[in-house]
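Results of the structural survey
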Amino acid sequence: MPRPAPPGAARMHASFASQDIEPHPLRFTGSGAEFLRVWIVNVLLTIVTLGFYTPWARRRTAQYFFGHTLVAGSPLEFTAQQRRMVVGFLVVVLLTLAYKLAASTGQDVAVGLFILAGAALAPLIWSSAMRFRLGNTRWRGLRLQFTADWREVYRASWPVFALALVWLAVFFGLQALAPAPLEGAGAGRKLPQVGAPMVALVLLGLVLTVLCLIRIDFNYRSLLVLRASLGTEPGRWKPVYMDFVRLWLATVGVFLVSILVLSLLLAGLVGGSFAMVKALGQGQSGMGMVLFLIAAFVALLLVLFLATAPARAYREAALFRLTWNNIGVSRIARFKCDLRVGRYVLLRLRNMLLTLVTLGLFRPFAVVSEYRMKLESVTLHIKGGVDQVAGTLARQQTGGIGDALADAAGLELIV
Amino acid sequence: MPAPGATPAPAALVPARWFDGRSSQARAVLVGLHPAPGGPSLSVHPVAAPGGEALHLPWREVGWPEAWSARRPQQRVVVDLHAHGSLEIDAVAAWHSALAAAGDRPRLAQRMQTRWGIFLAMLLAGVLGLALFYRYGTPWLATQLARWVPLGWETALADQGLAQMDDGMLKPSQLPRARQEALRARFQGLTQAMATVPALQRYPGYAPQWSLQFRRGMGANAFALPGGTVVLTDEIVQVAARQGLGDEALAGVLAHEIGHVAYRHTTRMLVQQGVLQMGLELALGDVSGLLASGSALLTAMSYSRAHEREADCFALGLMRRAALPTAPMGDLLLAMAQDARSGGKDRQPGKATEPGQDEAHPVWSLLSSHPDTAGRARALRAGQAPGCS
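Residues numbered from 1 in each chain as written. Chains lettered and ligands numbered in written order. Predicted model: local features only at pLDDT ≥ 70, side-chain atom pairs only at ≥ 80, totals over all residues. Heavy atoms only, no water.

It is at 9 Å that the axes of helix 2 (residues 32-48) of chain A and helix 3 (residues 116-146) of chain B come closest, and there the two elements cross at 30°. When the axis of helix 2 of chain A is compared with that of helix 3 of chain B, the two are roughly parallel. Where helix 2 of chain A crosses over helix 3 of chain B, the two elements pack in a sense that is left-handed. Note on element contacts: helix 3 of chain B touches helix 2 of chain A through Trp-116, Phe-119, Met-122, Leu-123, Gly-126 and Leu-130 of chain B, opposite Arg-37, Ile-40, Val-41, Leu-44, Leu-45, Ile-47 and Val-48 of chain A. When its residues are assigned to classes, the contact of helix 2 of chain A with helix 3 of chain B shows 11 nonpolar, one polar and one charged. (Axes fitted to C-alpha atoms, helices over the stretch in contact; angles between N-to-C directions. Helix = DSSP H or I, 4+ residues; strand = E, 2+ residues; numbered from the N terminus. Parallel < 35°, antiparallel > 145°, perpendicular 65-115°, else oblique. Left-handed = near helix turned anticlockwise from the far one by under 90°. Contact = heavy atoms within 4.5 Å. Nonpolar A, V, L, I, M, F, W, Y, C, P; charged D, E, K, R; others polar.)

Okay, here's the thing in structure tokens:
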């Protein structure tokens, strides 16, 4: 029996129905306490097995989050084969062992080769990890796919080479600009004279470096969406490079503001502690002074940590909102995101402090609350219903090694 | 509702939606679970064609979802049918009871996840097992792995280490040449005595390049470098002379250091550190880095205490073989400890301190890599230590 609805709501519903667009808010049905148990079981089994439970633990964690993420009422599925994840993990363990052995026995050539190979293969490893993750994500029986081939990935990595060129140019430019009569300048001058053009050149190099780094980030993110597909439907990507530059500038702004706030706070604290040092100095010097220095050092570390935390959280949230407001699946679906960035930053700061205070035991709650806030800010708008997507016969994806390498490099599976 | 007494169904049927992987369209199906030897098998019956062909899958070909909580069933579960797509089930409670009825045995992780009793039992077993492994497993593993480390690597490490120390706090010795040669002769006598006793050789066939060196500048001390180099400081020779102790005391110290070399303690420690660091990083890295490095440090300390004990036992054995007393070495240890505590300023010659005076301070014993000095001195005076085989 249809419920009586206010006239405005009825008209709105009618207008949606005529275009046939339905909004589906994404939902997360898991809970922090439940994930604590998932996590603690993982930790225990990992410790007992001396670390070899890691691939199983990763799969359980992914399955917990995917299985509790409802997209238009249907949970996501993480379908990675356990065997592949284990093989990938073992390969990474062996590589790490070999690297550590080479580094600790001072075989510089081998270490250099390791680092060079890692740098040259990084784009390939990234794309392999993305193929693994998307290919093992299933929704309503359909696999996501990442279809970029290695040529596209290396082409998207051009800013790395631009970066190398920029610094070569800066190096040779500095040599050209360096004042020639250095030998005749006499013993009075200790440093070569640094002129305004040299400073400007280095500054230009730094600006270009930042622009290149932003470009890499942009290229990879856009490639990930544009070459992703659900069944036969490709992804859609609207953000432009300038959006990313603006976001980076805003992040710097947040960083400067948090530094300012912190230094104001510190000024008060330092004023107080000077008085304390004086008091201590009048009493007995030795022990009190040492204790005070230790406390000051710890405080300094904490301050550095706090100063960058808001900027990092801000960047993450703003990027999330920018991305999820501007991507879609061909013509049938698009996403809207109303994540409130300030609230996310506060949540992150609270979580960091609680994690620190509890020696890491709060981490599962932190992960769940951040994941929930981000996920539930997204609404999926589908045109023409959820039943219309045709699948392609995609094989089970391979490439557990790339994923394990990406994990070792700190790319989280749950984003 | 079927009347009581009707023929029982082969298995309880659970309603589900089947996505076959070819489109996002769902098909209404009924899922049956059947007891089977390896684990329950699964059948999918489309509702639209009741008499039609059903899909049958054995236990191994299904990705069974884990139950995360005993009290709060998931809102919707998805069963992975691999190439056949996936099943979405709303009746989660019915699904779990059908699974249990078909004789499903949940995995260990799920049992730990849903039942505190099993989790606590595992926790206890894990703590116990780990304690045993760290206490006995890793030392044993390192002892075995050390067999594969070549002597050349050890000597290279030793040369590098000694060169670094020479650049730093160590200065050339000022001992008279004749005194040095006398001590070298003692050293050589000990290494030759050791070669005749198979029981003292932990690594048969291990032939270090023995050499005794003298340095000055780090207080009364002696240390062994891997590969056969032993270093005595001028100060330890002076302390022995000041206490009126004969060369037997210094010979005891040399025997102790020879023990470190023969048992390849440095190499074993490095191997152990590597293995442990890696294991702890993997195991505890997810909890906190501080915890991981803290436990690595603590275990390293406990190992090096075990190594000191081993070297003492070796010294006792070797000295007995060479028909030398070990009591002077015990006195020397106490004198060294006192010398270190008074900052080396205690220049008054005197008798060796009574061991009772230097009972262990609990904190010091925990933090120092050497076992409490008084205990060691007592064992050396008695000529036998507890725990020596």
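What follows concerns the sheet that holds strand 7 (residues 228-230) of chain A. Residues and elements named next belong to chain A. Pairing is antiparallel in the open sheet, where 11 strands are placed in the order 1-11-10-9-8-7-6-5-4-3-2. Two strands in the sheet have a free side with no partner beyond their single neighbour: strand 1 (21-25) and strand 2 (27-28). In terms of strand pairing, strand 2 meets strand 3 (residues 69-71) through two bridges, oriented antiparallel. Directly across from Phe-28, in strand 3, lies its bridge partner Thr-69. (Pairing = 2+ DSSP bridges.)

This part is about the sheet that holds strand 1 (residues 13-19) of chain B. Residue and element names in this part refer to chain B. What the six strands build is an open sheet, ordered 4-3-2-1-6-5; its pairing is antiparallel. The two strands at the open ends of the sheet, each matched to only one other strand, are strand 4 (55-57) and strand 5 (77-80). Within the sheet, the average angular offset between the axes of one strand and its neighbour, ignoring direction, is 35°. Bridge count for strand 5 against strand 6 (residues 86-89) is four bridges, and the pairing is antiparallel. If you follow Val-77 over to strand 6, its bridge partner there is Ile-89.

Next up on the list: the interface of chain B and chain A. Taken together, the contacts link 44 residues of chain B with 51 residues of chain A. Counting each side, the surface lost to burial between chain B and chain A is near 4000 Å², with a carbon and sulfur contribution of 59%. Linking chain B with chain A are three salt bridges, by the criterion used here. Here Glu-34 of chain A ties to Arg-72 of chain B by a salt bridge, and the two come within 3.1 Å at their closest N and O atoms. At the boundary of chain B and chain A, one finds 16 residue pairs in polar contact (both at pLDDT 80 or more). Residue assignment for the side of chain B that touches chain A shows that the elements contributing at least two residues are strand 5, strand 6, helix 2 (108-114), helix 3 and helix 8 (265-284) of chain B. Examining the composition of the side of chain B that touches chain A, we find that seven residues originate from one element, helix 3 of chain B, more than from any other. When grouped by side-chain class, the residues that make up the side of chain B that touches chain A number 21 nonpolar, 14 polar and nine charged. (Buried area = accessible area lost by both parts, 1.4 Å probe. Salt bridge = Lys/Arg side-chain N within 4 Å of Asp/Glu carboxyl O. Polar contact = N/O pair within 3.5 Å; in protein donor to acceptor, adjacent residues only side chain to side chain.)

Further remarks concern the environment of Val-14 of chain B. All names here are of chain B. Within the secondary structure, Val-14 is located in strand 1. Here Val-14 falls in the buried class, since its relative accessible area comes to 2%. Taking C-alpha positions, Val-14 is 6.7 Å from Ala-94, a pair spaced 80 residues apart along the chain. (Buried < 20%, exposed > 50% of the residue type's maximum accessible area, 1.4 Å probe, protein only.)

Let's shift gears to the pairing of strand 10 (residues 229-233) of chain B. All names here are of chain B. In terms of burial, strand 10 is largely enclosed, as five of its five residues are buried. Here strand 10 shows two buried faces, one formed by Thr-229, Val-231 and Thr-233 and the other by Val-230 and Leu-232. As paired elements, strand 8 (residues 211-216) and strand 10 share five bridges and run parallel to each other. Of the residues in strand 10, the one forming a bridge with Gln-213 is Val-231.

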